[in-house]
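# Survey of secondary and tertiary structure
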Amino acid sequence: MKTSLTIVPGPSFPAASIVKLQTTSVGAGEPVGVTVMTNDRFSNQLYRGGDRISLSAQPCGTQGDVLDNDNGVYSTTYISTMAGELLLWVQVNGEACHD
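As the structure is a prediction and not an experimental result, all values here were calculated from the model. (Residues numbered from 1 in each chain as written. Predicted model: local features only at pLDDT ≥ 70, side-chain atom pairs only at ≥ 80, totals over all residues. Heavy atoms only, no water.)

## A closer look at the overall build of the protein
Operational definition: Only DSSP runs of H or I with at least four residues qualify as helices, and only runs of E with at least two residues qualify as strands; both kinds are numbered from the N terminus onward. Computation of the radius of gyration draws on C-alpha atoms, with the globule rule given as 2.2 Å multiplied by the number of residues to the power 0.38. Should any heavy atoms of two residues lie within 4.5 Å, those residues are considered in contact. For the area figures, the Shrake-Rupley method with a 1.4 Å probe applies, and any residue is considered shielded solely by the protein chains shown. Charge convention: Lys and Arg are scored as positive, Asp and Glu as negative, and His as well as the terminal groups of each chain are ignored. For this purpose, a charge sits on NZ of Lys, CZ of Arg, CG of Asp or CD of Glu.
From N to C terminus, the protein includes zero helices and eight strands. Starting at the N terminus and ending at the C terminus, the protein contains elements arranged as β-β-β-β-β-β-β-β. On C-alpha atoms alone, the protein measures out to a radius of gyration of 16 Å, which is more than a quarter above the 13 Å that the 2.2 N^0.38 rule sets for 99 residues. Reported as C-alpha extents along the three principal axes, the dimensions of the protein are approximately 65 × 20 × 20 Å. Counting only contacts in the protein whose residues sit at least 6 apart along the sequence, the fraction spanning at least 24 positions is 59%. Carbon and sulfur atoms form 52% of the exposed surface of the protein, whose accessible area is close to 6,600 Å². Separation of charge centres in the protein, based on 5 positive and 9 negative side chains, amounts to 14 Å.

This is how it looks when you write it as structure tokens:
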């Protein structure tokens, strides 16, 4: 008798999630696109939505609404009116992403 088993990704693991910026340079007051791809602890991409995504930055700025694409990928924007280097921290379900 032969049977099959489907293995699906586990729960979100922020340390394995991937953060991508639309660009690395924008003018003050212009939005930069931020994409977060959620993965499980084995780096398998999740194909479902429902996670909470939040951004914080130094110096401060404004986060746009988060779009949950219902496929493990989330999109948002961030705007800072101060020129200079912006350090951005991304969290999934309250835990920091590492990228």
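Here the narrative resumes, following the displayed structure.
## Remarks on the nonpolar core
Stated formally: As used here, the term nonpolar core means buried Ala, Val, Leu, Ile, Met, Phe, Trp, Tyr and Cys residues forming a set that is joined through side-chain atoms within 4.5 Å. Partly exposed describes any residue whose relative accessible area lies between the buried limit of under 20% and the exposed limit of over 50%, with all areas from a 1.4 Å probe on protein chains only and scaled to the type maximum.
Counting residues in each nonpolar core, the largest one holds twelve residues, listed as Val 19, Val 32, Val 34, Val 36, Ile 53, Leu 55, Ala 57, Tyr 74, Tyr 78, Val 90, Val 92 and Cys 97. Elements represented by at least two residues in this core include exactly strand S2 (31–37), strand S3 (53–58), strand S6 (73–79) and strand S7 (87–92). Residues within four places of Val 90 in sequence aside, it is in contact with Val 19, Val 36, Ile 53, Ser 54, Leu 55, Glu 95, Ala 96 and Cys 97.

## Topic: the layout of surface pockets
Note the cut-off: Grid spacing is 1 Å over the protein atoms alone, the probe is 1.4 Å, and a cavity is where that probe fits but cannot get out, while a pocket is an open set with protein on both sides within 12 Å along at least five of seven lines and lining residues have an atom within 4 Å of a point. Grid points are joined across faces, edges and corners, and a volume is the space filled by probe spheres set on the points. Residue polarity is assigned by list, with Asp, Glu, Lys and Arg as charged and Ala, Val, Leu, Ile, Met, Phe, Trp, Tyr, Cys and Pro as nonpolar; anything else, Gly included, falls into the polar class.
Space inside the largest pocket adds up to approximately 440 Å³. Lining of the largest pocket is provided by 21 residues; of these, Thr 24, Ser 25, Val 26, Gly 84 and Leu 86 occupy positions nearest its centre. Those elements that place two or more of their residues in the lining of the largest pocket are S6 and S7. Here the lining of the largest pocket is composed, by residue class, of twelve nonpolar, seven polar and two charged.

## Notes on unusual backbone geometry
Across the junction of Gln 58 and Pro 59, the peptide omega takes the value -5°, indicating a cis bond. Mapped onto the secondary structure, Pro 59 falls in the loop between S3 and strand S4 (62–63). At Ser 43, a position not held by glycine, the phi torsion is positive, near 65°. Within the element layout of this structure, Ser 43 appears in the loop between S2 and S3. With a phi close to 55°, Asn 93 is a non-glycine residue in the positive phi region.

Geometry only, nothing functional implied.
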